[in-house]
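Coordinate analysis (summary)
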Amino acid sequence: MSTSNYDKQNPAFYALIALLIFMSVGPVALLFINSLKLDVDITSGVGGLFFMPTIRNYETALCDILWYEPEHLRFCQIRFGGAFINSIIIALVSTALTLIFGCMAAYALVRFRFMGRDSLSLSTLAVRMIPPAVLLVPVFGLWNNAFCLDNDYGLGMWIRETFGGRGDVCLAGTHSGIILIYVAMNLPFVIWILQSFIVQVPPSLEEAARVDGAGPFQTFFLVVLPLIKPGLAAASIFTFRIAWNEYLLASALADRDTMTVPILIVNNASEFDGLGTIFATGMLLAIPPILFTLFASRQIITGMTAGAVKG
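Residues numbered from 1 in each chain as written. Predicted model: local features only at pLDDT ≥ 70, side-chain atom pairs only at ≥ 80, totals over all residues. Heavy atoms only, no water.

All told, the structure shown has 2 salt bridges when counted by the stated rule. Note that Arg-111 is salt-bridged to Glu-206, the shortest N-O span being 2.8 Å. Placement of Arg-111 in helix H5 (residues 80-111) and of Glu-206 in helix H10 (residues 203-211) is noted, with a sequence separation of 95 residues between them. Here Glu-206 and Arg-210 are joined by a salt bridge, their closest N and O atoms 3.6 Å apart. Here Arg-210 and Glu-206 lie together in helix H10, a separation of 4 residues that amounts to about one turn. For Glu-206, a relative accessible area of 2% translates into the label buried. (Salt bridge = Lys/Arg side-chain N within 4 Å of Asp/Glu carboxyl O. Helix = DSSP H or I, 4+ residues; strand = E, 2+ residues; numbered from the N terminus. Buried < 20%, exposed > 50% of the residue type's maximum accessible area, 1.4 Å probe, protein only.)

Now for the packing of aromatic side chains. Under the counting rule described, the total for this entry stands at 12 aromatic pairs. Here Phe-84 and Trp-244 contribute two aromatic rings whose centre-to-centre distance is 5.9 Å and whose plane-to-plane angle is 90 degrees, an arrangement assigned as edge-to-face. One end of the pair, Phe-84, is in helix H5; the other, Trp-244, is in helix H12 (residues 229-245), with 160 residues separating them in the sequence. Taken individually, Phe-84 and Trp-244 each receive the classification buried, so the pair is uniform in this respect. Ring geometry for Tyr-107 against Phe-220: centres 5.1 Å apart, planes inclined by 65 degrees, an arrangement best described as edge-to-face. Residue Tyr-107 is located in helix H5, and its partner Phe-220 is located in helix H11 (residues 216-227); the two are separated by 113 residues in the primary sequence. (Phe/Tyr/Trp six-rings, centres within 6.5 Å; stacked < 30°, edge-to-face > 60°.)

Phe-80, Tyr-182 and Leu-284 are the most contacted members of the largest nonpolar core, which has 35 residues in total. Counting residues per element, the ones that place at least two in this core are helix H4 (56-61), H5, helix H7 (132-146), helix H9 (175-198), H12, helix H13 (248-253), helix H14 (261-267) and helix H15 (275-310). At 6 residues, the largest contribution of residues to this core is made by H9. Apart from residues lying up to four places away in sequence, Leu-284 is in contact with Tyr-58, Ala-61, Leu-62, Phe-80, Phe-84 and Trp-244. By size, the runner-up hydrophobic cluster in this structure holds 18 residues, among which are Ala-106, Ile-198, Ile-228 and Leu-232. (Core = buried A, V, L, I, M, F, W, Y, C linked by side-chain atoms within 4.5 Å. Contact = heavy atoms within 4.5 Å.)

Here helix H6 (residues 117-128) contains 12 residues, and its C-alpha end-to-end distance of 18 Å stays within 8% of the 16 Å for a straight helix at 1.5 Å per residue. Residues of H6 that are buried include every one of Arg-117, Ser-121 and Thr-124, and no others. The arc that holds every buried residue of H6, seen down its axis, measures 60 degrees, which confines them to one face. Seen from the open side of H6, the exposed residues pointing more than 90 degrees away from its buried face are Asp-118, Ser-119 and Leu-122. Those residues of H6 that are buried are in contact with H5 and H9. (Expected span 1.5 Å × (residues − 1). Arc of directions from axis to C-beta.)

Structure below.
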């Protein structure tokens, strides 16, 4: 029987695929197009089809980090650029630290034999079930009081004498404090998801590497990590998106200099001047997760393809 009948797909299949693509790409494309319009063009029916693209909205949003002063602005009212940089730093660093600690902890739980291993593995996932709101008050108290260097001695006294002010060094109001709580919040899930990938790595490969003279760290970084690349990519996507969009804990720990984009948008929604600026900030907010997800998804496909070829 000819196989040509099996190669033909139902037109409804292609229609469904086109609809799904339109539903996924359409809102982002509309957001990008409106971000290049003036407010007059956005509210005008004719301007929706014919308009002159402009970057004025992006200049308004990023006016605090631009190397020049936009001509149409008399005063930089929105400090979006600083919050945007804070979000990128916090999301990238917390994602990197979570993956480093998570893959090592998952490898230890899978390969090493010790008392209470199964209970510890289940408890790590149970910690992730705690709502972030429960951590808000304890973390705020610890970061503002317990984890501080008193200003009567040591580093705190030197800071007070040199720079003035309180003189104590606390985790609250710093990038480190927000990054630390994000790592602690996302680490249990990363450990849990990476365990399922490490289990699938044959122990014989690690034994062969040890026979060839590889040490424990060489075996882990050169043999195990390349084989669990899809798991690392999936965990990184999850961790980055949580760190990028999280608002509750960051609002309690951040100050004016370390606030992230979600905090800026919620606390200063009334200061956004015009619809164009709102669309521009929305597009800037969407770009990093999209780019990061595309890059990580490529690593997932590469890892799966390499595994299929080697198999």
